[in-house]
Amino acid sequence: MDDGAGAIRRDFPFPEAGDHHMREWPLVWHPARGHFERTCPHGVGHPDPDDVLYLQSVGGVSGAHPCDGCCIAPLRD
Ligand SMILES: [Zn+2]
């Protein structure tokens, strides 16, 4: 990990977004954290749930991010 240069943008690991509540939010690459984020309606970036699954599979995940709570899935009934 090179904190100075940032991570090179890679392709999104899946052909399309999964069925999660953030899928309609803009997808952005975050070079400093090396993952994809979704920007919530308040302008806060949250780790993309699909990208987190990918990162868990390769052992490189960090869920740390400034959060306003929007990445917590709403309850479904
Ligand atoms: Zn928010």
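Let us look at the structure shown here. (Residues numbered from 1 in each chain as written. Predicted model: local features only at pLDDT ≥ 70, side-chain atom pairs only at ≥ 80, totals over all residues. Heavy atoms only, no water.)

## Remarks on the coordination of the zinc ion
Reasoning step 1: Looking at the metal site, the zinc ion is ligated by C40 (SG), H42 (ND1), D68 (OD), D68 (OD) and C70 (SG), spaced 2.0 to 2.6 Å from it.
Reasoning step 2: Every donor residue of the zinc ion comes from the same chain, spaced as C-x1-H-x25-D-x1-C.
Reasoning step 3: Under the relative-accessibility criterion, C70 is labelled buried at 16%. (Donors = N, O, S within 2.8 Å, 3.2 Å for Na, K, Ca; no water. Buried < 20%, exposed > 50% of the residue type's maximum accessible area, 1.4 Å probe, protein only.)

## What about the packing of aromatic side chains?
When we look at a pair of aromatic rings, we describe it by the centre distance and by the angle of the planes.
Reasoning step 1: Counting across every chain of the model gives three aromatic pairs.
Reasoning step 2: Relative to F14, the ring of F12 lies with its centre 6.2 Å away and its plane at 70°, an arrangement referred to as edge-to-face.
Reasoning step 3: Arranged with centres 5.4 Å apart and planes meeting at 80°, the rings of F12 and F36 form a pair that is edge-to-face. Here F12, found in the segment before β1 (27–30), pairs with F36, found in strand β2 (residues 35–39); they are 24 residues apart in sequence, far enough to count as distant.
Reasoning step 4: Under the relative-accessibility criterion, F36 is labelled buried at 1%.
Reasoning step 5: Three or more aromatic residues joined by ring pairs form one cluster here, namely F12, F14, W29 and F36. (Phe/Tyr/Trp six-rings, centres within 6.5 Å; stacked < 30°, edge-to-face > 60°. Helix = DSSP H or I, 4+ residues; strand = E, 2+ residues; numbered from the N terminus.)

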